[in-house]
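Below are the chains, spelled out letter by letter.
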Amino acid sequence: MTRALFISIVLITASLFSNAQDTVVLSKAFILKDAGAKNLQVKIAEQSYLSAEAGYNQTKAIFLPNVNLSYTAITTTNPLMAFGSKINQEGVTMADFNPALINDPGNVQNFNTKLEVQQPLLNYDALHQRKAARAQADAMKLKMERSAEYVLFEIDQSYMQLQMAYAVVEVLTKAKQTVLANQKLVTDYYNNGLLQKSELLNVQVRVTEIDNQLLYARSNISNASDYIHFLLNEPADNVIKPADTLSYNGVPGFSVVLNDSRKDIAAYKKALEAHNNMALSAQKKSLPRLNAFGSYELNDKRLYNFRGEGYLLGLQLSWNVFDGLKTKGAVQQAKANYRQAEQELAQYRSQSQLEINKTNRQLTDAAGKIDLAKQALEQSQEAYRIRNNRFGQGLEKTTDLLNAEMQVTQKQLAYHQAILEYNITSSYLHFLNK
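Please read all numbers here as calculations on a predicted model, not as lab measurements.

Draft legend 1. Highlighting the overall build of the protein. From N to C terminus, the protein includes eleven helices and six strands. Taking 22 Å as the expected radius of gyration for a compact globule of 434 residues, we find that the protein reaches 40 Å, considerably beyond that expectation. Each principal axis of the C-alpha atoms in the protein carries an extent, and together these give about 140 × 60 × 35 Å. Within the protein, buried positions represent 33% of all 434 residues. Pairs at least 24 apart in sequence give 84% of the contacts found in the protein among residues at least 6 apart. On the protein, roughly 26000 Å² of surface is accessible, and the fraction owed to carbon and sulfur atoms is 56%. In the protein, the 46 positive side-chain charges and the 41 negative ones have mean positions that sit 2 Å from each other.

Draft legend 2. Summary view of the packing of aromatic side chains. Following the criterion strictly, the structure yields ten aromatic pairs and no others. When the ring of Tyr 248 is compared with that of Tyr 422, the centres are 5.0 Å apart and the planes differ by 85°; the resulting orientation is edge-to-face. Of this pair, Tyr 248 sits in the loop between β4 (239-242) and α9 (263-284) while Tyr 422 is found in helix α11 (residues 398-432), placing the two residues 174 residues apart along the sequence. For Tyr 422, a relative accessible area of 2% gives the class buried. Among the aromatic residues, those joined into a ring-pair cluster are Tyr 150, Phe 153, Tyr 428 and Phe 431.

Draft legend 3. Examining the packing of helix α7 (residues 124-191) against α9 more closely. Where α7 contacts α9, the two axes come as close as 8 Å, and the packing angle between them is 165°. Classified by the interaxial angle, the pair formed by α7 and α9 is roughly antiparallel. When the axes of α7 and α9 are compared, the crossing they make is left-handed.

Draft legend 4. Spatial organisation of helix α10 (residues 326-392). Between its terminal C-alpha atoms α10 stretches 93 Å, which fits the 99 Å expected from 67 residues at 1.5 Å a residue. One or two steps after α10, the chain reaches Gly 394, where phi turns positive at roughly 80°.

Draft legend 5. Highlighting the pattern of salt bridges. Under the defined criterion, the tally for this structure stands at 26 salt bridges. Between Glu 405 and Arg 206 there is a salt bridge whose closest N-O contact spans 2.9 Å. Of this pair, Glu 405 sits in helix α11 while Arg 206 sits in helix α8 (residues 197-231), and the two are 199 residues apart along the sequence. Accessibility expressed as a relative area gives 3% for Glu 405, which makes it buried.

Draft legend 6. Representation of a nonpolar patch on the surface. A surface patch of nonpolar side chains, about 710 Å² in accessible area, is lined by Phe 63, Leu 64, Leu 121, Leu 122, Tyr 124, Leu 127, Leu 287 and Leu 315. Those elements that provide at least two residues to the nonpolar patch are β3 (108-122) and α7. Its place among the elements puts Leu 121 in strand β3.

Draft legend 7. Local environment of the pairing of strand β5 (residues 289-300). As paired elements, β3 and β5 share eleven bridges and run antiparallel to each other. Looking at β5, one finds that Gln 119 is bridged to Ala 292. Sheet topology note: the β5/strand β6 (residues 308-318) ladder contains eleven bridges and is antiparallel. Bridge pairing in β6 links Ala 292 to Leu 315.

Draft legend 8. Up close: the environment of Ile 155. As for its placement among the helices and strands, Ile 155 is situated in helix α7. The exposure class assigned to Ile 155 is buried, which follows from its relative accessible area of 1%. Through-space distance from the C-alpha of Ile 155 to that of Phe 293 is 57 Å; in sequence the pair is 138 residues apart. With sequence-adjacent residues up to four places away left out, Ile 155 is seen in contact with Ile 31, Leu 32, Ala 35, Leu 231 and Leu 232.

Draft legend 9. Focus on the sheet that holds strand β2 (residues 66-76). Here we have four strands laid out as an open sheet, ordered β2-β3-β5-β6, and antiparallel in their pairing. Looking at strand neighbours, the two that pair on one side only are β2 and β6, the edges of this open sheet. If you compare each strand with its neighbour and ignore which way they point, the axes differ by 20° on average.

Draft legend 10. Structural detail: the environment of Val 331. Examined against the element boundaries, Val 331 turns out to sit in helix α10. Since its relative accessible area comes to 14%, Val 331 is described here as buried. Sequence separation between Val 331 and Tyr 415 is 84 residues; the distance between their C-alpha atoms is 60 Å. Every residue in contact with Val 331, bar those within four places of it in the chain, is listed here: Ala 282 and Gln 283.

Draft legend 11. Spatial organisation of α9. Relative to the 32 Å expected for 22 residues at 1.5 Å per residue, α9 spans 31 Å between its end C-alpha atoms, a close match to the ideal helical length. Elements that come into contact with the buried residues of α9 comprise α7 and α10.

Draft legend 12. Representation of unusual backbone geometry. A positive phi is found at Glu 90, a non-glycine position, where the angle reads about 60°. Its location among the elements puts Glu 90 in the loop between α5 (79-88) and α6 (99-103). Positive phi, normally seen in glycine, also occurs at Asn 233, with a value near 55°. When you line up the elements, Asn 233 lands in the loop between α8 and β4.

Thresholds applied
Residues numbered from 1 in each chain as written. Predicted model: local features only at pLDDT ≥ 70, side-chain atom pairs only at ≥ 80, totals over all residues. Heavy atoms only, no water. Helix = DSSP H or I, 4+ residues; strand = E, 2+ residues; numbered from the N terminus. Rg over C-alpha atoms; globule rule 2.2 N^0.38 Å. Buried < 20%, exposed > 50% of the residue type's maximum accessible area, 1.4 Å probe, protein only. Contact = heavy atoms within 4.5 Å. Areas by Shrake-Rupley, 256 points an atom, 1.4 Å probe, with all protein chains shown as cover. Lys, Arg positive; Asp, Glu negative; His and termini not counted. Charge placed at Lys NZ, Arg CZ, Asp CG, Glu CD. Phe/Tyr/Trp six-rings, centres within 6.5 Å; stacked < 30°, edge-to-face > 60°. Axes fitted to C-alpha atoms, helices over the stretch in contact; angles between N-to-C directions. Parallel < 35°, antiparallel > 145°, perpendicular 65-115°, else oblique. Left-handed = near helix turned anticlockwise from the far one by under 90°. Expected span 1.5 Å × (residues − 1). Salt bridge = Lys/Arg side-chain N within 4 Å of Asp/Glu carboxyl O. Patch = residues over 30% accessible without salt bridge, like charges linked within 9 Å, V, L, I, M, F, W, Y side chains within 5 Å. Pairing = 2+ DSSP bridges.

Next up, the structure:
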C-alpha cells in the first residue's frame with residue numbers, strides 16, 4: 001500500500017512538472033513587441049509593397065540610357081547583303097564592282113559586333129507614370145503599416161480571449177469546489193436518512209456537468225494559445241498563460257471624429273494621387289517625344305578579327321498625330337478611374353466614421369453592461385448565501401440550492417464576458433482612432 005501510494009505521488013509530481021514545462025507565462029507587451037515583424041499577413045503586405053517599389057524603380061528607365069551589346073554572324077549569297085557586308089568590312093576593291101561579281105557574289109560571311117545606346121530626353125507621359133508609380137508604392141507601404149496595426153489589435157484581442165479562457169476555468173474550478181462541498185453535505189444528509197437518493201443524484205449530475213464544462217474550458221485555453229502562436233508565426237510548442245488577469249479599468253476617452261491621417265485613409269489618398277497622374281499621363285501621350293540614339297559597330301569577314309568600324313548618332317522627334325482615337329479613349333478611361341477612386345475614398349471615409357460612431361456607442365453600452373452584470377452577480381451571491389443557510393437548517397430543497405449555485409456561476413461568467421466585450425470594444429475603438 002505504501003509503495004503504491006509512493007508511485008502515485010511520483011506520477012502526479014511528474015505530471016505537474018510536465019505541465020509546468022508546457023506552460024509559459026507571457027505579458028501582453030512581450031507578445032506585441034515583435035508581432036508585426038513575425039506575422040505572415042504583415043510579411044505578405046510587405047512583399048506587395050516591395051513589388052510596388054520595384055515597379056517604381058523600373059521607371060528610372062525614362063532618365064537612364066538603354067545599352068545593348070550584340071555579336072551577329074551571317075553568311076549570305078544575297079547580292080545586296082553581300083556587297084553591303086564588304087563595304088562595312090572596309091574591304092571593297094575595284095574588282096568588286098564587276099557586274100558579274102555583284103550579281104553573283106558567291107558566299108560572303110560577316111561578323112558584326114555592335115553597341116547600341118538609346119537615351120530618352122523628353123517624354124512627358126512617362127514622367128507622370130513615374131509619379132503614379134511612386135504614389136502607388138507609397139500607398140502599398142501605408143497598407144502594410146495598417147496591416148501591422150491590425151495584427152497588433154488582433155493579438156491584443158486574442159490575448160484578452162485567452163485571459164477570458166483562464167477566468168472561465170477559475171470560475172468553474174471554484175464552482176466545483178462549492179458543489180463538492182454541497183455534495184459532501186447532501187451525502188451526509190442522505191446517509192442519515194434526511195434526504196432522498198434523487199437529491200443526491202442531482203448533486204452528482206451537477207458535478208459531472210461542471211467537469212464537462214471544465215473540459216471544454218481547458219480546450220479553449222489551448223485553442224486561444226495556439227491562435228496567438230499562429231499570429232506570431234511560431235510553432236505551438238507550449239501553452240501561453242497571461243501574466244495578468246482580465247480586468248476592467250473604466251471608460252477611457254476616445255475621439256469620435258475620424259482621423260483623416262489614418263494610414264488606411266492616407267493609402268486611399270495616395271491611390272487617388274496615382275490615378276490622377278495616370279490620367280495626366282494619358283493626356284500627355286499626344287505630345288511630341290524626343291529621344292537620342294547612337295551605335296558603334298565592327299565588321300569583319302573573320303571570326304576573331306574586328307576591322308571595319310563605324311558609328312551612328314542621331315536625335316528623333318516623334319509625334320503620334322492620330323492613333324485612331326486610342327489616346328482619347330485612354331484619357332476618358334483614366335479620368336473615369338480617377339473619379340471612381342475619388343468616390344471610393346469618400347465612401348470609405350463615411351463608412352469609417354460610421355464604424356467609429358457605432359463602436360463608441362457599443363463601448364458605452366458595454367460599460368453599462370458591466371455594472372448590471374456586477375449587480376446581478378452580487379445579488380446571486382447573496383441569494384446563494386441565504387439559500388445555503390436555509391438548506392443547512394432544512395428549509396430549502398437540494399434543487400433550490402443547486403439552482404442558486406448554478407446562477408452564481410452563470411453570473412460570474414456573464415460578468416467576465418461583459419468585461420471581455422468591453423475590453424475588446426475599447427481595443428477596437430483605439431485601433432479605429434489610431
